[in-house]
Amino acid sequence: MDFKQLTAVVTVAETGSVTKAAQLLHLVQSAVTRQILGLEDELGVALFHRSRQGMRPTDEGSVFVERARRALAELERARAEIRPDRGHVTGIASVGILGGAIDLVLPPLVDAVADKYPEIDLRVWTAYSGHLRQWLDAGDLDLSLVYNLESTPAVRVIPLLRDQLWVVGPPEAGLRPDRPIDVGEALRQPFVMPVPGHGLRVLLDQARLEADVEPNVAVQANSMELQKLLVESGRGWTALPASGVAADVAAGMLSAAPLRNPEILRTVALGLPRTGRTPPAVDAVAAELIRIIRAAVKDGSWPAAHLIDG
């Protein structure tokens, strides 16, 4: 089993075709086929279902491809970190950013890393907090912003701030940051609810039970962008973190107000895997991310947030 075989099997799995994989790898098709057949012979299992429609991993192949992809990523990371010039921070940093924080932290993070650490290969992922947690646990992410996560055997957590959930409506709703709205009043409006299982839905369900109110659900959505789009198109109100709607409110596209009775708060934290040493590139990006977030809270760019000391 060698590097070329691992690369071939991962590329075929991703493209679904030996022909496409050969083009990407700058090899002839027969060479890619030989690498896969040699690996299957060594392992004693078929890694792919072969048909006229292409190549699809078998159950065993899916397991092997996942492991091979991680092995290749670690080799790539090692190659990026080992450079003759020790005076520069080099390497790969894969960072997860919560959807509600992208506008606030991603542009300054990219600028800061490019300016201070031009040799860092910065890779940005975004998803629900639950997915980011899974990728941290699996080692696919080097660091990530997450909501309401405590330290685990696999992940070290640095609490950064507490973020407040706001009710969001169209401009004509007249919602204002200085006039909080009761959860019960908000949920009696036609409401764009996050889908079940979404982190926001869990918080809203807890709040509505405490407020003893049944929400007037107009439609359900699985992303912040969809929630905002549906509100803008007049389908109802919704609830989102203040950080995710501040720019839209300032632009007059939405109006928003803090929720109360009960107030809905979330802890925003930075998670890093515990396993192994933390590469210098990851330490550098983590420090920049923390600095940017703290500055955003202090200057009011991240509204309705309070820093956690430590």
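For every chain, the first residue of the written sequence is number 1, and numbering continues from 1 along that sequence. Where local features are concerned, this predicted model is filtered to residues with pLDDT of at least 70; where side-chain atom pairs are given and counted, the filter is 80 or more; whole-chain, interface and lining totals use all residues. As a rule here, side-chain values come from all non-hydrogen atoms in the structure, and water together with hydrogens is ignored.

## Description of the pattern of salt bridges
Then comes step 1: What makes a salt bridge here is a side-chain nitrogen of Lys or Arg within 4 Å of a carboxyl oxygen of Asp or Glu, nothing more. The full count for this structure, using the stated rule, is 14 salt bridges.
Then comes step 2: One salt bridge in this structure joins arginine 70 and aspartate 140, with 3.7 Å as the shortest N-O distance. Note that arginine 70 is positioned in helix α4 (residues 59-81) and aspartate 140 in the loop between α6 (129-138) and β5 (143-147), a separation of 70 residues in sequence.
Then comes step 3: Arginine 70 sits in the partly exposed class, given a relative accessible area of 24%.
Then comes step 4: A salt bridge links aspartate 205 to arginine 201; the shortest N-O distance between them is 3.2 Å. Here the residue aspartate 205 and the residue arginine 201 both occupy positions in helix α8 (residues 199-211), the gap between them amounting to 4 residues, near one helical turn.
Then comes step 5: Three labels apply to residues, based on accessible area from a 1.4 Å probe with only protein chains included: buried if under 20% of the type maximum, exposed if over 50%, partly exposed otherwise in between. Given a relative accessible area of 14%, arginine 201 falls into the buried group.
Then comes step 6: Through salt bridges with shared partners, a single ionic network connects Arg201, Asp205, Arg208 and Glu214. Helix and strand definitions follow DSSP, with helices as H or I runs of at least four residues and strands as E runs of at least two, each counted in order from the N terminus.

## Overview of unusual backbone geometry
Then comes step 1: Omega for the bond connecting asparagine 261 with proline 262 falls within 30 degrees of zero, at 5°, which places this linkage in the cis form.
Then comes step 2: Positive phi values are uncommon outside glycine, yet asparagine 261 reaches one of about 50°.

## Observations concerning helix α10 (residues 242-250)
Then comes step 1: For α10, the complete set of buried residues consists of Ala242, Ser243, Gly244, Val245 and Asp248.
Then comes step 2: Pairs of residues are marked as contacts when any of their non-hydrogen atoms sit within 4.5 Å. Those residues of α10 hidden inside the fold are in contact with α5 (102-116), β6 (155-169), α9 (224-232), β10 (238-241) and β11 (255-260).
Then comes step 3: Looking at the residues trailing α10, positive phi occurs at glycine 252, about 80°.

## Let's talk about the packing of aromatic side chains
Then comes step 1: Aromatic pairing here means that ring centres of Phe, Tyr or Trp (its six-membered ring) are within 6.5 Å. Orientation follows from the plane angle: under 30 degrees is stacked, over 60 is edge-to-face, and everything else is tilted. Inspection of every chain in the model, using the stated rule, returns 1 aromatic pair.
Then comes step 2: Taken together, a centroid distance of 5.1 Å and an interplanar angle of 65° make the contact between tryptophan 125 and tryptophan 135 edge-to-face. Remark: tryptophan 135 occurs in helix α6 and tryptophan 125 occurs in strand β4 (residues 120-127); sequence separation between them is 10 residues.
Then comes step 3: Two limits define a charge over a ring: the Lys NZ or Arg CZ must be within 6 Å of the ring centre, and within 35 degrees of the ring normal. The ring of tyrosine 147 carries arginine 266 above its face, with NZ or CZ at 3.4 Å from the centroid.

## With respect to the nonpolar core
The nonpolar side chains of soluble globular proteins are, as a tendency, buried together.
Then comes step 1: Val105, Leu143, Leu145, Leu270, Leu289 and Trp302 are the most contacted members of the largest nonpolar core, which totals 40 residues.
Then comes step 2: At the level of secondary structure, the elements contributing two or more residues to this core comprise β3 (91-98), α5, β4, α6, β5, β6, β12 (265-273) and α11 (280-298).
Then comes step 3: The greatest single-element share of this core, amounting to 11 residues, is contributed by α11.
Then comes step 4: Sequence-distant contacts of leucine 145, defined by excluding residues within four places in its chain, comprise Gly96, Ile97, Leu98, Ala101, Val105, Leu132, Leu160, Val268, Ala269, Leu270, Leu289 and Ile293.
Then comes step 5: By nonpolar core is meant a set of buried Ala, Val, Leu, Ile, Met, Phe, Trp, Tyr and Cys residues that side-chain atoms within 4.5 Å join together. One finds Val183, Phe191, Leu200 and Trp237 within the second-largest nonpolar core, a separate group that totals 31 residues.

Structural measurements only, silent on function.
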